[in-house]
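# Tertiary structure, described
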Amino acid sequence: MTAATATLPAPGESVAATVRRLAGAQKGAQGAPAYSRFVNRPLGRVLAALAFHAGLTPNAVTAVSAVWTAAGTTLVAVAPLGWATGAAVTACLVLGYALDSADGQLARLRGGGSPAGEWLDHVVDSAKIASIHLAVFLGLSRVEELARGWLLVPLAFSVVAVVHFSATLLNEALRAQHGVRTRAARSDARPSVLRSLLVAPTDYGVLCLVFVLLGAPAVFLGAYGLLALGTAGYVVLALGRWYREMGALPR
């Protein structure tokens, strides 16, 4: 942040006014999955406005997001699997994800983020994406009636999720390095609602909601497995397209 950055709202500005101001300065929605686009960003917008009025920094919001996500992940790994646990896990993960959106929106309110803040955000995201599936592995390993082979599902999901996240970041970095703007970055790009719905299985927010089914482990595993298959299918199809796109970048 620079010395000219606004760290507090203007005198007399309400939280509602700050939310409206944020709504007019959102990043492009092109390619964003449905939950992230229609639920998480608006929720994060409200949290960002509240954090702005409270004088919090984006890095502080990132830290709070990490705490809530870690709490939910820990519950999956060690708490008895039941409906109460599922509700608590879902609440923690949903709030953590909304705060993950809020930190970037708060940075825009304050005049822009910093490289260190972006680095911190991505490190927290990396830990979150890998650890949630390992927590599922530990949680399901305590279900005695579950065949051990089903434990391969969260391990495979972890690999797929990490590859998806890493490839997405690498794509953005290589495009920027070679001066290529993505369609989502262009102001004239119209976000597709249909595409947002089709890529919903890849949405971390949808994964957060599935944990409400922990009271019925077999049902949870079925829904979780469908998300794993959907994400794997998307990644397999996307990898070839991404590779061709990277190969076409100017040298």
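For the structure itself, consult the block above.
In what follows, the accompanying structure is described. (Residues numbered from 1 in each chain as written. Predicted model: local features only at pLDDT ≥ 70, side-chain atom pairs only at ≥ 80, totals over all residues. Heavy atoms only, no water.)

### Focus on the environment of His53
Test applied: Each helix corresponds to a stretch of at least 4 residues labelled H or I by DSSP, and each strand to a stretch of at least 2 residues labelled E; elements are numbered beginning at the N terminus. Burial classes follow relative accessibility: with a 1.4 Å probe on protein chains only, a residue under 20% of its type's maximum area counts as buried, one over 50% as exposed, and anything between as partly exposed. Residue contacts follow a heavy-atom distance rule, with two residues in contact if any of their heavy atoms lie within 4.5 Å. By the criterion applied in these results, polar contacts are pairs of N or O atoms within 3.5 Å in which, for protein atoms, one can donate a hydrogen and the other can accept it, and in which residues neighboring in sequence qualify only through two side-chain atoms.
Along the chain, His53 turns up in helix α2 (residues 34-54). The exposure class assigned to His53 is partly exposed, which follows from its relative accessible area of 27%. Sequence spacing of His53 and Val15 is 38 residues, and the spatial spacing of their C-alpha atoms is 7.1 Å. The residues contacting His53, other than those within four sequence positions of it, are Pro9, Glu13, Ser14, Val15 and Thr18. From its side chain, His53 meets the backbone oxygen of Ser14 in a polar contact 3.4 Å long.

### Structural notes on the packing of helix α3 (residues 58-78) against helix α5 (residues 115-140)
Our working rule: A fitted line through C-alpha atoms serves as each axis, taken over the contacting stretch for helices, and the angle formed by two N-to-C directions is quoted from 0 to 180°. The scheme is simple: roughly parallel for angles under 35 degrees, roughly antiparallel for over 145, roughly perpendicular for 65 to 115, oblique for anything else.
It is at 9 Å that the axes of α3 and α5 come closest, and there the two elements cross at 5 degrees. In terms of axis orientation, α3 runs roughly parallel to α5. From α3, Asn59, Thr62, Ala66, Thr69, Thr73, Val76 and Ala77 reach across to α5, where they touch Gly117, Leu120, Asp121, Val124, Lys128, Ser131, Ile132, Ala135, Val136, Leu138 and Gly139.

### Examining the pattern of salt bridges
The following threshold applies: Salt bridges are defined by distance alone: a side-chain nitrogen of Lys or Arg within 4 Å of a carboxyl oxygen of Asp or Glu.
Taken as a whole, this structure holds four salt bridges when the rule is applied. Notably, a salt bridge pairs Lys128 with Asp100, separated by 3.2 Å at the nearest N-O pair. Of this pair, Lys128 sits in helix α5 while Asp100 sits in helix α4 (residues 83-109); the two residues are 28 residues apart in sequence, bridging distant segments of the chain. Per residue, the accessibility class of Lys128 equals that of Asp100, and both read buried. Measuring nitrogen to oxygen at the nearest pair gives 2.6 Å for the salt bridge that ties Glu245 to Arg175. With a gap of 70 residues between them, Glu245 in helix α9 (residues 217-247) and Arg175 in helix α6 (residues 152-177) connect regions that are remote in the sequence.

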